[in-house]
Amino acid sequence: MNGPPHDRTPGAPRPDPTAGRRVPLDPETVGRDLASLVLAVVELIRQLMERQALRRIDQGDLSEEQIERIGLTLMALDDRMTELRDRFGVTLDDLNLDLGPLGRLLSSD
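A brief report on the enclosed structure follows. (Residues numbered from 1 in each chain as written. Predicted model: local features only at pLDDT ≥ 70, side-chain atom pairs only at ≥ 80, totals over all residues. Heavy atoms only, no water.)

Structural notes on the overall build of the protein
Piece 1. The number of helices and strands found in the protein is three helices and zero strands.
Piece 2. Reading the secondary structure of the protein in the N-to-C direction produces α-α-α. (Helix = DSSP H or I, 4+ residues; strand = E, 2+ residues; numbered from the N terminus.)

What follows is the structure, given as structure tokens:
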């Protein structure tokens, strides 16, 4: 036998090196899948905005009124995201896409 040895049984399908990295597309769930992708991006942006707001608060360059407005806005955005996840039947974990070697999309804190 020429070539490198392998553990595969003759005739068995080759393992797919990209398995687990693909977004499953199904005509029956394409609307939910698209909503999940859009909500994942919006959740990422929401988390980034929240971190930036906390940094600005920690730096002390915001007035009490600005801090209150930011807090109310972030709470309203979080409530709206919860409503949209419920509407489309997705969880926060569903939005936390695996980016392979880069890790998970969303922060766990």
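Here's the deal with the nonpolar core
Piece 1. With eight residues, the main nonpolar core is built from Leu-39, Ala-40, Met-81, Leu-84, Val-90, Leu-95, Leu-105 and Leu-106.
Piece 2. Among all residues touching Met-81, those that are not within four sequence positions of it are Leu-39, Val-42, Glu-43, Arg-46 and Leu-95. (Core = buried A, V, L, I, M, F, W, Y, C linked by side-chain atoms within 4.5 Å. Buried < 20%, exposed > 50% of the residue type's maximum accessible area, 1.4 Å probe, protein only. Contact = heavy atoms within 4.5 Å.)

Let's talk about a nonpolar patch on the surface
Piece 1. Together, Leu-34, Leu-37, Val-38, Val-41, Val-42, Ile-45, Met-49, Leu-97, Leu-99 and Leu-102 line one region of the surface with nonpolar side chains, adding up to about 870 Å² of accessible area.
Piece 2. The residue Leu-99 is located in the segment after α3 (92-95) in this model.
Piece 3. By relative accessible area, which is 36% here, Leu-99 ends up partly exposed. (Patch = residues over 30% accessible without salt bridge, like charges linked within 9 Å, V, L, I, M, F, W, Y side chains within 5 Å. Areas by Shrake-Rupley, 256 points an atom, 1.4 Å probe, with all protein chains shown as cover. Salt bridge = Lys/Arg side-chain N within 4 Å of Asp/Glu carboxyl O.)

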